[in-house]
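# Working through the structure, step by step
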Amino acid sequence: ALEAFKLTEAEYVARQARRQIYRDATGQIGVPARQLRACLRHAAESVPSRDRGRLRRNVASLQFTPDDIPTGRQEPDGTFGRPTLNRSSGRQGEVKQRFSWAENPVLRDLTLTLGVTVPPGGLKAEELGRLLEEAGAFHGIGAAREEGKGRFAVGACAARAEAQP
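As a starting point, this report considers the structure included with it. Because the structure is a prediction, the values reported are computed rather than measured. (Residues numbered from 1 in each chain as written. Predicted model: local features only at pLDDT ≥ 70, side-chain atom pairs only at ≥ 80, totals over all residues. Heavy atoms only, no water.)

Looking now at helix α3 (residues 49-60). The first and last C-alpha atoms of α3 sit 17 Å apart over 12 residues, in line with the 16 Å expected at 1.5 Å per residue. Buried residues belonging to α3 abut α2 (33-45) and α4 (125-139). (Helix = DSSP H or I, 4+ residues; strand = E, 2+ residues; numbered from the N terminus. Expected span 1.5 Å × (residues − 1). Contact = heavy atoms within 4.5 Å.)

Printed below as a string of structure tokens:
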């Protein structure tokens, strides 16, 4: 099938990796806020059970500004390859498994700045900071976080009062 598009397998894999990046209208690479929210939700799952439900509810109510967090980059720093296991069910209910190779884009040494609006009675700034640190150190963002990719460090987390209208 690749012959019809005049692509080698390596060109196809590289093209697929480029398509996995979120871009805005200008072509700048961005990190979707929903990815960060999912990362925080996973971190909330790993806290002691007495706080777990409250943290999950509060993470769901966070508002991120902007929706797609800009990276200031037009192209990724490179790609990394990883084997993936694909499972599908056959007609008779048997499960078919096959391994394939996936290429994922890599963004290194990013500094992202975003705002997080916490509803009244929601997370305290210290709790949000600890949750972000947990999320970055142990959970990560992106397709290969189970392999240890997508980890991040929190440089600063500061609370600021909203201006009253």
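With that settled, consider the environment of E133. Relative to the elements of secondary structure, E133 occurs in helix α4. Through-space distance from the C-alpha of E133 to that of L40 is 9.5 Å; in sequence the pair is 93 residues apart.

Turning our attention to the pairing of strand β2 (residues 29-32). Covered by surrounding structure in β2 are I29 and V31 together with G30 and P32, the residues of both alternating faces. Note: strand β1 (residues 22-23) against β2, 2 bridges, orientation antiparallel. Bridged to R23 within β2 is I29. In the sheet, β2 pairs with strand β4 (residues 68-70) via 3 bridges, with the strands oriented antiparallel. Bridging across to β4, V31 finds its partner in I69. (Buried < 20%, exposed > 50% of the residue type's maximum accessible area, 1.4 Å probe, protein only. Pairing = 2+ DSSP bridges.)

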